[in-house]
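Close look at the chain arrangement
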Amino acid sequence: MQTIFWILIFLSTFFIMEFNAWFTHKYIMHGFLWNLHKDHHKKDHDSWFERNDAFFIFYAIVSMVCFYLWNYEAIWYCLPIGLGILVYGAAYFIVHDIFIHQRFKWLRNIDNKYARGLRRAHKIHHKHLGKDKGENFGMLIVPFKYFKQ
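Residues numbered from 1 in each chain as written. Predicted model: local features only at pLDDT ≥ 70, side-chain atom pairs only at ≥ 80, totals over all residues. Heavy atoms only, no water.

**So, the nonpolar core**
Residues Tyr88, Val95, Met139 and Leu140 are the most contacted members of the largest nonpolar core, which totals 19 residues. With seven residues, helix α4 (residues 78-100) is the largest single contributor of residues to this core. In this view, methionine 139 contacts Glu18, Tyr88, Tyr92, Val95, His96, Ile100, Leu118 and His122; residues no more than four positions away in its chain are not counted. (Core = buried A, V, L, I, M, F, W, Y, C linked by side-chain atoms within 4.5 Å. Buried < 20%, exposed > 50% of the residue type's maximum accessible area, 1.4 Å probe, protein only. Helix = DSSP H or I, 4+ residues; strand = E, 2+ residues; numbered from the N terminus. Contact = heavy atoms within 4.5 Å.)

**Topic: the packing of helix α1 (residues 2-32) against α4**
The interhelical angle for the contact between α1 and α4, taken along N-to-C directions, is 45°, at an axis separation of 8 Å. In terms of axis orientation, α1 runs oblique to α4. Regarding α1 and α4, the two cross each other, and that crossing is right-handed. Residues Trp6, Ile9, Phe10, Thr13, Phe14, Met17, Glu18 and Ala21 of α1 pack against Leu79, Pro80, Ile81, Leu83, Gly84, Ile85, Val87, Tyr88, Ala91 and Tyr92 of α4. (Axes fitted to C-alpha atoms, helices over the stretch in contact; angles between N-to-C directions. Parallel < 35°, antiparallel > 145°, perpendicular 65-115°, else oblique. Left-handed = near helix turned anticlockwise from the far one by under 90°.)

**A short note on the environment of valine 87**
Among the secondary structure elements, valine 87 is positioned in helix α4. The class of valine 87 is partly exposed, set by a relative accessible area of 35%. Sequence separation of valine 87 and histidine 122 is 35 residues, and the distance between their C-alpha atoms is 21 Å. Residues within four places of valine 87 in sequence aside, it is in contact with Phe10 and Phe14.

**Regarding the pattern of salt bridges**
Scanning all chains against the criterion turns up one salt bridge. Residue aspartate 111 is joined to arginine 116 by a salt bridge in which the shortest nitrogen-to-oxygen separation is 2.8 Å. According to the relative accessible area criterion, aspartate 111 is exposed, its value standing at 55%. We classify arginine 116 as partly exposed; its relative accessible area is 34%. (Salt bridge = Lys/Arg side-chain N within 4 Å of Asp/Glu carboxyl O.)

See below:
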């Protein structure tokens, strides 16, 4: 019975992270922490790294704390939560940094309806160079209108 709960917690955490990413992106990155995120919209540096990458560190720490609590405090449900955060972070990195922004020159030739919709929605998000008037703050789930063209 614990296995089913483990799987449900892992999947729930992964899907909650999509909402969390949307919320963080809209209200924190485009809000009071815009100074960390703005170099992602308008390159003002020569480095491969961006100040925006600091947000990955935050979620990595949360995931590691969950692993610690599972391993040293025997809180069993912290393992699927930590893994859900970790897997979502990996998916986000692959989709956002590799597939969309081509920070590594991999996955360039993926061309299907979902891939085109993701790219289209992200392109619309990046047409706004300032912190205001943005749209499409999610990553893996985007409005259906971007898949119809």
